Structure formats: C-alpha cells, structure tokens
Amino acid sequence: APIAFSEQGFVLQGLLKDIPQLAEISFICVTPSACEPGRETSRFIRNGAEIQAGTPLRDRSRDSAFLAAKEGKIYVGAVESAAGISSVPLASRVLNAKNEIVEVLAGKINLNAAIQPIIKAAKLGTSGYVYAVTREGTIIAYPNQELVGKTIQTLPLLDAIASSGASKNASYTSVTGVAVSGAARLIPETGVAVIAEWPQTETKSLIRTILFQIGGFLLLAFAILFIIASSVALKLIEPIAALREGTSVIGAGNFNYRVQIKTGDELEDLGANLNKMAVNLKGLEELRELKLRADLLSESLRKEQELSKLKDQFITTISHQLNTPLTAINWSLAAFDDPKLSKEKMKEVVDIISKSQKDIVAIVNDLVTLSEVGFQYKKSRVTSVDIARVIEKILDFSSGVIQLKDLNVTFQKTAGDAIARVNEFTIMKALENLIDNAIGYSNKGGAVAIELAADEKEIRITITDQGIGIPKEDQSAIFQQFFRARNAIQKKNVGTGLGLYIVKTIIEGHGGRVWFESEENKGSAFHVTLPR
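Please read all numbers here as calculations on a predicted model, not as lab measurements.

Asker: Which parts of the structure should I look at to understand the packing of helix H13 (residues 424–440) against helix H15 (residues 499–509)?
Answerer: What describes two packed helices is the angle between their axes and the distance between those same axes. For the pair H13 and H15, interaxial distance at closest approach is 9 Å and the crossing angle is 140°. Judged by the inter-axis angle, H13 sits oblique to H15. The handedness of the crossing between H13 and H15 is left-handed. Residues Thr 426, Ile 427, Lys 429, Ala 430, Asn 433, Leu 434 and Asn 437 of H13 lie in contact with H15, whose contacting residues are Gly 499, Leu 500, Ile 502, Val 503, Ile 506 and Ile 507. Its residues assigned to classes, the contact of H13 with H15 shows eight nonpolar, four polar and one charged.

Written out as structure tokens, the structure reads:
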C-alpha cells in the first residue's frame, strides 16, 4: 500500500531538514485504488529558513519527471532559473517490501546552495577560480556571491560550449574586468557549464618559471648525454674483451666461469647465451647446486605458513621429475659395464643419456625462470621491444626441432610496428614456452601458425597448432603451477608443469591477458594480448 497520507508530511519535512539543498519535495500518487494517479498527495517547500506545506496540490500526470519515475527511471531534469535561483528537478519511484511501486517522490535541488560551497573552495594557483553558469549565461555559483543571479552578456566561451559542449583555452576580460585565461565544459545532463578562469598576471609568471626550468633541464640533459656518450665510447671494447676471455676459460673446461656484461644490447645477449652454454655443459654438477638452492628455498618457505602447501608440492614434483631422467642415466651408465655391448646398443644408450640430460636442462631452465620471475611477477627494467623480432629469434632457435619434425611453421605479422614497453627477457621466456609447446606437442609433419597484430593500444599474438590438444576435463587447471594434462604426460613423461603458469604470470604481470581454445587430438590456439 502507499504511504499513509497522515505520515507523508512527516517524511517530506524530515527530508527537507536533512537535505539543506532541497527547495521542495512532494509525493505523487500512482495507486488508482487510493488516490488519483498523477496528482500530488503531499507537498512541502522551503521558504527561507522555514518549511511550509505547498498548496494547492498539483496535477502532474503529464510531467516528464512523473512519467520517467513511474517507468522505473531516476529522473534528472534541466536547470530551471527563477528570481535569481537555479534549480534542477529530480524524481524517483518508491517501492514497498514486494518491490512494487507505491509512490513517486519528486523534488527540486537548489543549485545555488548545492554548488556554491564547492565553487568557493576551488582554487587555481593563488588567484584562479571556478564558477558555474547556465547555458544562457546566468551565474548560479561564483566565489563572490554578489554576482550570483546575474547574466553574462558577452563571454567567448559561451558560444563554444553552445556548439560543442566544451571550449579550448582562451584569453579575454572576465565579468569583473580582469584579463584572464579561461576554459569551459558543459554538463549535458543539467545544462550547467563550469568555467575556470586564471588571471594572466599569475599564468604568465608561471610560464616564465616553467620555461626557465625547461632551459635548465635541457642544459643538464645535454651535459649528461655528453658524459654518457664518452663513457660508452671508452667502455665499448671492455665487453668484447670479456667475451673473448670467457670463451677461452669455458672452452678450457671451467664451467663455473660467468661472463659479466651489462650493456643492454646484443653483446649482453651474447654474454647471456655464453653463460647458458656453461650452465648446460656443467651437467650433473648443476644438480648439486640446484639441491642446495631447493634446501635454502624450503627453509625460507617453512617460515611462511601460507606457503607451506606450495613448498611441499614444489619439492614433490621436482623430485619426481628429476628422478625419471636420473634413473635413465644411471641405467644407461650401468650398461657400459657389459663387455659385450655392441656399437648399436652403445649408440642407443648414449642417445638415452643425451635425451635425459636435455630433460634435466629443461627442468632446470623452468626452475631458473620461475626463480627469476617469482609467483607474483611485476614487470620491471622495461625497454621498447619489437615483439616481431623476439618471435623471429625464438623460431631461429627452434629451427633444428622444426626440421627434425618436418613441421610447416608460418609467421604472419602486422603491416605496422609491434613495439611495446616490456621486459624483453621475461616476454621472450613466455612466448618461447608457448611456441615450444606448439612445436613439441605437434605430430610429425603437422603445422604451426603464429599471427601477430597490433593497434594503438595493444599487441595481439595467436599461436595455433594441430597437435594433441588439451582434454576438456583438464582445461580449467592448465595454468596452475605443477599441473600437466593427461595426454601431455603420455606424450612427454618428463616436465615440471610450470611452463604455462610462468606464461600466465609474466603476461598478467605486464597488464596483458592469455587464454586458449583447444580440442583433444585436434590442436590448440593460444591468444596473448600485451598493452603497448
């Protein structure tokens, strides 16, 4: 039922007391059984400091406010001005406990009272200010309240907001006769324009200060650039000498030696690849160092109760995955004790040892990447990177496997550039994992398609294969750490289950997204987006 007529006055007077900006408020009937629909059943107005009953009660059945609220909309009307006071009509429906409309509540907000405190508090620098006018130029709020209600006859900004809703910065004389820089924007829902004006005496002084600061900054920048250029020229030979020495030491059998090059260019990449080669040659010695790192990691994780479950799962998975290739290596080494071992059998044993060593290196690489990326990766050390060049470099590294499996790998890239501000090392790791999966889980003679597109906001990469696909029941967990799909384990027994987790961590750490579509025995399509 609607609110009882005897209680409506109590409600409306309470609203007027609680909301000083309300100029008037009323209930409008929507229930034919109780009253005439569209007619006010109770109305109160604010008269100065007093609250009075409004008479006579009006028929508002044709009002836009009543019709909009009756349809369930919240109505906000255009600005109305009378006697120097501007107001905005409002209306909304009133619902009972059954979510049925029983009344329409309509009223008016006194814009002068609502906006004036905000306008008075707004400042630009020390002397700039903001004020509000109607579309016709009537001032409804101004720091100097004596100007409220007056109409501006000529103001360049009014013509601009009347045609486009906003104005560019303009220089003119304000209503108080001061030379100012000003701009305006129209609030379309109410027809009120907000104008900001800044006296030019202050803005010109500020501009001179900024120009002086820019000049000083440019001089400092040129000095720094000269120093850096000189330093780079002097140190250009150092990384080349370091590479030559590293090649000699590692070639002599010292696999613990590491080249230290921090140039941020191809020489640093070459040094990093030389270090990776030393890591791979180190072989089983690396496993001892990895165990020490795992022990230190386990000790640290024990101090954090919330990571205990992750620690246990990490150690169990890695121990199991390392056990498989190590067992194969131990079995193969034992076969060499057989004096009757044929050359064919010896080649088979060597192949098993080689494959197991590669499996161990793959596991170690996943762990090293995870240790560098972390479980909650946030991008850092970003540079402008050409994503197309990264993909081409990965395909070049994988050319041997592609030829061995007789795969048809295509790379279609966008006509424009695909340059983004990213961490090149981690993005390369993420894309390398996706492309390696597409190649590794493709059948011999299959096809892999890589597409690269870009617009002004983001870069999109799609990697499609015709491989084993992902079973439907495994798809929801495919990005979890240590998880591997059933058919992936059958095709390749050794794996950490960290690859796709690392991909998701890196891509989302860059503010991007990764998702996929897949069907078992038909292939998969992985999609990646990266913000520019």
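There is more to say, and it comes next.
Asker: Would you mind going over the state of the cysteines with me for this structure?
Answerer: The term disulfide refers to a covalent linkage connecting the sulfur atoms of a pair of cysteines. Applying the stated criterion to the full structure yields one disulfide. Here Cys 29 pairs with Cys 35 through a disulfide, and the sulfurs are 1.8 Å apart. Between Cys 29 and Cys 35, the S-S torsion sits near 95°, and that sign places the bridge as right-handed. The pair formed by Cys 29 and Cys 35 is uniform in burial state, with each residue classed as buried.

Asker: What's the story with the sheet that holds strand E18 (residues 513–519) in this structure? I'm lost.
Answerer: Two strands in a sheet stick together by hydrogen bonds in their backbones, pointing the same way (parallel) or opposite ways (antiparallel). In spatial order, the strands read E14-E16-E17-E19-E18; together these five strands make up an open sheet with mixed pairing. Looking at the sheet topology across the chains shown, the edges are occupied by strand E14 (408–413) and E18. Direction aside, the axes of adjacent strands within the sheet are offset by 10° on average. Contacts from helix H11 (residues 387–397) reach E14, strand E16 (447–454), strand E17 (458–465) and strand E19 (523–531), with the element oriented near 170° to E14.

Asker: Can you help me understand the pattern of salt bridges in this one?
Answerer: When the charged atoms of two side chains lie near each other, side chains of opposite charge can form a pair. Summed over all chains, the structure comprises 16 salt bridges. Two residues, Arg 532 and Asp 417, come together in a salt bridge whose shortest N-O distance is 2.9 Å. With Arg 532 in the segment after E19 and Asp 417 in the loop between E14 and strand E15 (419–422), this pair connects stretches of sequence that are 115 residues apart. Of the charged contacts in the structure, one is a salt bridge between Arg 486 and Glu 473, with a shortest N-O distance of 2.9 Å. With Arg 486 in helix H14 (residues 486–491) and Glu 473 in the loop between E17 and H14, this pair connects stretches of sequence that are 13 residues apart. With a relative accessible area of 35%, Arg 486 lands in the partly exposed category. Residue Glu 473 is classed as exposed on the basis of its relative accessible area of 54%. Several salt bridges share partner residues, and in doing so they unite Glu 24, Glu 40, Arg 43, Arg 58, Arg 60 and Asp 63 into one network.

Asker: Could you clarify how one ought to interpret the environment of Ala 23 in this entry?
Answerer: When you line up the elements, Ala 23 lands in strand E1 (residues 22–29). For Ala 23, a relative accessible area of 26% corresponds to the partly exposed category. Considering only alpha carbons, one finds Ala 23 and Pro 89, 66 residues apart in sequence, at a separation of 9.7 Å. Setting aside residues no more than four positions away along its own chain, Ala 23 makes contact with Leu 16, Ile 45, Arg 46, Lys 108 and Asn 110.

Asker: Is there a simple way to explain the sheet that holds strand E10 (residues 170–173) in this structure?
Answerer: One open sheet holds the five strands; their spatial order is E9-E8-E12-E11-E10, and the pairing between them is antiparallel. Two strands bound the open sheet, and with one partner strand each, they are strand E9 (139–141) and E10. Neighbour-to-neighbour, the strand axes of this sheet turn through a mean angle of 40°, independent of strand direction. In this structure, strand E11 (residues 179–187) lies alongside strand E12 (residues 192–199), joined through eight bridges in antiparallel fashion. Considered in E12, the bridge of Ala 184 is made with Ile 195. Each of strand E8 (129–134), E9 and E12 is contacted by helix H3 (residues 111–121), which is oriented at about 65° to E9, the strand it contacts most.

What counts and how
Residues numbered from 1 in each chain as written. Predicted model: local features only at pLDDT ≥ 70, side-chain atom pairs only at ≥ 80, totals over all residues. Heavy atoms only, no water. Axes fitted to C-alpha atoms, helices over the stretch in contact; angles between N-to-C directions. Helix = DSSP H or I, 4+ residues; strand = E, 2+ residues; numbered from the N terminus. Parallel < 35°, antiparallel > 145°, perpendicular 65-115°, else oblique. Left-handed = near helix turned anticlockwise from the far one by under 90°. Contact = heavy atoms within 4.5 Å. Nonpolar A, V, L, I, M, F, W, Y, C, P; charged D, E, K, R; others polar. Disulfide = S-S within 2.5 Å. Buried < 20%, exposed > 50% of the residue type's maximum accessible area, 1.4 Å probe, protein only. Pairing = 2+ DSSP bridges. Salt bridge = Lys/Arg side-chain N within 4 Å of Asp/Glu carboxyl O.

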